[in-house]
Amino acid sequence: MVDITFCRSEDRRLDRTGLHYRSMSSTWTLPDDLQAPTIVPEFPASGEPLPRHWSLCFGCGDDQPSGIQMTFVVGDGASVVGRFEVARRYQGGPGVIHGGILGTAFDEAQGMACRSVALAVVTAHLEIDFARPIPLDSTLEITAKVDGTVRRKVYTSAEARIVAGPGADPDVVVGTSRGLFLVIDQTHFEKVKSMVDAVPAAAGTAAEASSF
Ligand SMILES: CCCCCCCCCCCC(=O)SCCNC(=O)CCNC(=O)[C@H](O)C(C)(C)COP(=O)(O)OP(=O)(O)OC[C@H]1O[C@@H](n2cnc3c(N)ncnc32)[C@H](O)[C@@H]1OP(=O)(O)O
């Protein structure tokens, strides 16, 4: 196995307990009227797998071979833990993940966390801090949670860690993300249904069934 150790200046290090963003530029703030997440009964129990929301999804679909095929388990409360392998085709800079792929993983994981509070959501706003290079052939774990809701708005955040392969260190956060998702109803995808370019597997989740 390739041994890769990235520089870890104390100033740029993020830790598990006292997450700090000293070298980050985020201006993300949670609103004063934020409500604590109310978990829907359909959301599986902690430790249970959370099925894909759509079999053709680039983030989680198992009928989408070009996608990153993330898998998820439910975490504590309104949270999920997702994993995927950083395949060589996801290369951006030499030997490292493309930033857009990390963005995809955050988007997917934070969207999946929203399933704890709503049947279906779409991303309205997503912002990412790329804290460390992420080598190809590593396994990335994204922990995502709902921080709270305001009407249809779902506020989320997430952290990424390398848990296996090159650069693995579960104590180092290699990226963070914050995102706003909006709860939608079944009319949202009505106009684009005809664009679906393959026959999806049987609708496996309530969200799939409600979308198509
Ligand atoms: C399928 C199963 C999945 C279930 C599982 C999900 C996992 C999927 C993971 C991948 C998810 C994706 O990539 S989804 C694909 C990428 N995203 C999209 O395609 C979304 C495109 N955008 C839209 O369709 C629209 O802009 C919406 C739906 C996001 C919002 O439109 P709308 O419904 O008309 O809502 P609108 O009235 O404008 O706004 C409602 C409230 O939200 C606020 N708001 C709206 N946008 C923003 C914004 N960017 N930044 C800040 N705040 C915003 C407004 O100020 C307002 O606040 P207030 O007045 O109430 O205070």
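Reading the values: the criteria
- Residues numbered from 1 in each chain as written.
- Predicted model: local features only at pLDDT ≥ 70, side-chain atom pairs only at ≥ 80, totals over all residues.
- UniProt positions renumbered as here; feature names shortened; annotations may be inferred.
- Helix = DSSP H or I, 4+ residues; strand = E, 2+ residues; numbered from the N terminus.
- Core = buried A, V, L, I, M, F, W, Y, C linked by C-beta atoms within 7 Å.
- Buried ≥ 20, exposed ≤ 12 C-beta atoms within 10 Å, placed from the backbone.
- Contact = placed C-beta atoms within 7 Å.

So, the UniProt feature "domain: Thioesterase" (unreviewed entry) in the protein
Right, so step 1: Within this numbering scheme, the UniProt entry marks residues 95-161 as carrying the feature "domain: Thioesterase" (unreviewed entry).
Right, so step 2: Segment residues 95-161 splits into 24% helix and 46% strand. End C-alpha atoms: 17 Å apart.

Brief notes about the nonpolar core
Right, so step 1: Within the largest apolar cluster, 42 residues are counted, with the highest numbers of intra-cluster contacts made by Val 80, Ala 105 and Ala 109.
Right, so step 2: Those elements that place two or more of their residues in this core are strand 2 (71-74), strand 3 (79-85), helix 1 (99-114), strand 4 (121-130), strand 5 (139-150) and strand 6 (153-164).
Right, so step 3: Those residues in contact with Ala 109 that sit more than four places away from it in its chain are Val 80, Gly 82, Ile 142, Ala 144 and Ala 158.

Here we look at unusual backbone geometry
Right, so step 1: Located in the positive-phi region is Gln 69, a residue other than glycine, with phi close to 50°.
Right, so step 2: Note on placement: Gln 69 falls in the loop between strand 1 (49-50) and strand 2.
Right, so step 3: With a phi close to 50°, Arg 151 is a non-glycine residue in the positive phi region.
Right, so step 4: Along the polypeptide, Arg 151 turns up in the loop between strand 5 and strand 6.
Right, so step 5: A tally of 9 C-beta atoms within 10 Å means that Arg 151 is categorised as exposed.

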